[in-house]
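Structural overview
Spelled out from the first residue to the last, the chains are:
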Amino acid sequence: MSHFLFPTEYYTSTYAIDFAHYYRLGYRGILFDIDNTLVKHNAMSDARSRTLLEILRRMGFSICFVSNNKEPRVADFVNELKVEGLPDPVYVYKAGKPKKWGYLYGIHKMNTRKATTLFVGDQLFTDILGANNAGIHSILVQPIDKKEEIQIVLKRILERPIIRLYRIKHPIKG
């Protein structure tokens, strides 16, 4: 059962991932969680996230944000990322993670395939479980900020032994 909670890979940060490596391997789409994956919880995009996403789009990646948040939060975040001359990023709000439909809908919106799409997120029980259920290469990242809502703090306590078990055979990258 625990293998469904294990990410394909685990990185210290979204910003430590060598996305050019994945592009060379044939990946063309990236599904991102937003909060504590790209920015602090409920924060708008910052220079670091905007730079990364612009680089990825110029590299040739399609990008979609898959979030359990309501549309105003996700739309506001995405609207700050529009760059003239580059395709607009797309999003799925109220995605119902860990259900797989939000991931599959994101893939559809990007016009990619499961085999050529990565997912990057910071939570095992929503992000990684959902990506694994959808059959997508899942990348877990350490959360950006320790300050989180109580329900997420409680999930983090339950995540710890699973991450320890995973790390016995899989080192953290970055």
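Residues numbered from 1 in each chain as written. Predicted model: local features only at pLDDT ≥ 70, side-chain atom pairs only at ≥ 80, totals over all residues. Heavy atoms only, no water.

Brief notes about the overall build of the protein chain
- When you go through the protein chain residue by residue, the secondary structure sums to six helices and six strands.
- The secondary structure elements of the protein chain, listed N-terminal to C-terminal, are β-α-β-α-β-α-β-α-β-α-β-α.
- Since a compact globule built from 174 residues should have a radius of gyration of about 16 Å, the 15 Å found for the protein chain is in line with a globular shape.
- With 174 residues in all, the protein chain has 47% of them scored as buried.
- Considering only intrachain contacts with a sequence separation of at least 6, the fraction spanning at least 24 residues in the protein chain is 73%.
- As displayed, the protein chain offers around 8,800 Å² of accessible surface, 56% of which is attributable to carbon and sulfur atoms.
- Averaging the locations of the 26 positively and 17 negatively charged side chains of the protein chain gives two centres separated by 6 Å. (Helix = DSSP H or I, 4+ residues; strand = E, 2+ residues; numbered from the N terminus. Rg over C-alpha atoms; globule rule 2.2 N^0.38 Å. Buried < 20%, exposed > 50% of the residue type's maximum accessible area, 1.4 Å probe, protein only. Contact = heavy atoms within 4.5 Å. Areas by Shrake-Rupley, 256 points an atom, 1.4 Å probe, with all protein chains shown as cover. Lys, Arg positive; Asp, Glu negative; His and termini not counted. Charge placed at Lys NZ, Arg CZ, Asp CG, Glu CD.)

Comments concerning helix α3 (residues 71-79)
- Taken as a whole, α3 has its buried residues at Arg73, Val74, Ala75, Phe77 and Val78.
- Buried residues along α3 sit against β3 (62-66) and β4 (90-92).

Quick look at the pairing of β3
- Of all five residues in β3, four are buried; the element is thus mostly enclosed.
- Bridge analysis of strand β2 (residues 29-32) against β3 gives four bridges, and the strand direction is parallel. Residue Ile30 lies in a different strand from β3, and its bridge partner there is Ile63.
- Following the backbone out of β2, through helix α2 (residues 47-59) and into the adjacent parallel β3, one traces a crossover that is right-handed.
- Pairing geometry for β3 and β4, over three bridges, is parallel. Bridging across to β4, Cys64 finds its partner in Val90. (Pairing = 2+ DSSP bridges. Right-handed = clockwise from strand over helix to strand, strands pointing away.)

Examining the side chain of Thr117
- Within the secondary structure, Thr117 sits in strand β5 (residues 117-121).
- Taking relative accessible area as the criterion, Thr117 reaches 0% and is therefore assigned buried.
- A polar contact is formed between the side chain of Thr117 and the side chain of Thr112, at a distance of 2.8 Å.
- A polar contact is formed between the side chain of Thr117 and the backbone oxygen of Arg113, at a distance of 2.6 Å.
- Not counting the four nearest positions on each side in its chain, Thr117 is found in contact with Tyr27, Gly29, Leu31, Ile107, Met110, Thr112, Ile136 and His137. (Polar contact = N/O pair within 3.5 Å; in protein donor to acceptor, adjacent residues only side chain to side chain.)

Spatial relationships are all this shows, so hold off on functional conclusions.
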